[in-house]
Amino acid sequence: MNIGILGTGAFGIALATCAFNNKNKVTMWTKFEDEYNMLKEYHKNIKVLPDTIIPEKIEFTLDMEECIKDKDLIIMVIPSSAYEDVCVELQKIVSKEQIICIASKGIHNGIFLSDIVSNYLDNNICAISGPSFAIDLISNKPIGLSIASKNLKVCNKVITALSSPNLRLTKSSDVIGIQLCGTIKNAFAIGSGILNGLNCLESTKASYLTQCLNETRKLLIKLNCSEETALEYAGIGDLILTCNSTKSRNFSFGNLIGSKEDSDKIEVFKANNLIEGILALKNISEIAKKNNIEINIIDYIYKIVFDNENPDILLNFIKFKNPSSSK
């Protein structure tokens, strides 16, 4: 299978490696000339994966059409904010038979990425998400991911392209639900970090994760998604990983807040790290308001992050008390 991957960040490189190891021809696209030159010279992205050598036969290009032409599968691993601009370009060069796979975090400005793609392209669309760090995928460790499409034949083609004895992909038809889960867990991870910074016990954290899972289920139901998606790799699997790992920037950011570190230290961390959970909070809050859905945990984390509320309000909620609002 011929595969084009838009984006040369860590997760894009991980998926490219999985596809190449599965005997597919892989081409990766970046719009940044300095990044392209680095990839061509060193066959690695020093900024995001300095110790990872990309297989030599994976090709790189600055020309989007070259990356897309004659490809069976196009995997989009670009920032969510770039989707509309890239789809405008894809509209000129993509053919209807090509499969579009969304591998970025699933919401931008309150709009699901699959809806953005559908506004421009009349292609079969799928979304992939689940509990995985890029380096673990590259290292061929046992991992499970969820792949969702309205056309399950599309899921089968992606599974053929990417799966291996150590990478299991499970099928779903819940495209929106998979994207929702892939986004909301980043917001929940900030809350998990806050509780860690507050020196909460494991039992309290387990109570928190249970409530996060229930809020995810409630949101899925309200948005006419499948309740069962919460129990998929993209649901509970990713929730457990992201909310319990110090590798997660969202968790680390929340930990700083919960530890009540100096605000300058927190701002420096934000400036030096992409905190996806901050965007997730905005997106999930917007979707909830638009659909008149109450999601308590997200509301409390939002108040802590954006309104500088005392992080204790989250713990008080977990303790089944009425949270007090103190600065």
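Report on the accompanying structure. (Residues numbered from 1 in each chain as written. Predicted model: local features only at pLDDT ≥ 70, side-chain atom pairs only at ≥ 80, totals over all residues. Heavy atoms only, no water.)

1. Some details on the pairing of strand E10 (residues 167-172)
Direction of pairing for strand E9 (residues 143-149) relative to E10: parallel, over a ladder of six bridges. Of the residues in E10, the one forming a bridge with Ala148 is Ser172. Where the polypeptide runs from E9 across helix H7 (residues 152-162) and back to E10, its parallel neighbour, the crossover connection is right-handed. (Pairing = 2+ DSSP bridges. Helix = DSSP H or I, 4+ residues; strand = E, 2+ residues; numbered from the N terminus. Right-handed = clockwise from strand over helix to strand, strands pointing away.)

2. Observations concerning helix H2 (residues 33-42)
Taken together, the buried positions of H2 are Glu35, Tyr36, Met38 and Leu39. Each buried residue of H2 sits inside an arc of 160° when the element is viewed along its axis, so together they form one side. Along H2, exposed side chains directed more than 90 degrees from the buried face belong to Glu33 and Glu41. Trailing H2 by a residue or two, His43 shows a phi angle of about 55°, which is positive. (Buried < 20%, exposed > 50% of the residue type's maximum accessible area, 1.4 Å probe, protein only. Arc of directions from axis to C-beta.)

3. Brief notes about the layout of surface pockets
To find the voids left in a structure, one rolls a probe of water-molecule size over its atoms. By volume, the second largest pocket is sized at about 270 Å³. Looking at the lining of the second largest pocket, the elements that each hand over two or more residues are helix H11 (249-258), helix H12 (263-272) and helix H14 (296-306). For the lining of the second largest pocket, the element with the most residues is H12, which contributes four residues. When its residues are assigned to classes, the lining of the second largest pocket shows six nonpolar, two polar and five charged. (1 Å grid on protein atoms, 1.4 Å probe; cavity = no way out; pocket = protein on both sides within 12 Å on 5 of 7 lines; lining within 4 Å. Points joined across faces, edges and corners; volume = space filled by probe spheres on them. Nonpolar A, V, L, I, M, F, W, Y, C, P; charged D, E, K, R; others polar.)

4. Topic: empty space enclosed by the protein
Throughout the structure, instances matching the rule amount to one cavity of 30 Å³ or more. Of the voids in this model, the largest cavity is the one considered here, and its volume is about 50 Å³. Every residue along the wall of the largest cavity is listed here: Cys181, Ile184, Lys185, Leu213, Thr216, Ala234, Gly235, Ile236 and Leu239. Contributing elements (two or more residues each) for the lining of the largest cavity: helix H8 (175-197), helix H9 (202-222) and helix H10 (233-244). Residue classes in the lining of the largest cavity are distributed as six nonpolar, two polar and one charged.

5. Describing unusual backbone geometry
If you check the backbone angles, Asn109 has positive phi at about 50° while not being a glycine. In this fold, Asn109 is placed in the loop between strand E6 (107-108) and strand E7 (111-112). Not every positive phi belongs to a glycine, and Lys260 is a case in point at roughly 60°. Looking at where Lys260 falls in the secondary structure, it is placed in the loop between H11 and H12. With relative accessibility at 47%, the residue Lys260 sits in the partly exposed group.

6. Quick word on the pattern of salt bridges
In the structure shown here, the tally under the stated rule is ten salt bridges. In this structure, Glu89 and Lys92 form a salt bridge, with 3.4 Å as the shortest nitrogen-oxygen distance. Highlighted residues: Glu89 and Lys92, both in helix H4 (residues 83-93), separated by three residues, approximately one helical turn. For Glu89, a relative accessible area of 36% corresponds to the partly exposed category. Among the salt bridges present, the one from Glu227 reaches Arg217, with a minimum N-O distance of 2.3 Å. Placement of Glu227 in the loop between H9 and H10 and of Arg217 in helix H9 is noted, with a sequence separation of ten residues between them. (Salt bridge = Lys/Arg side-chain N within 4 Å of Asp/Glu carboxyl O.)

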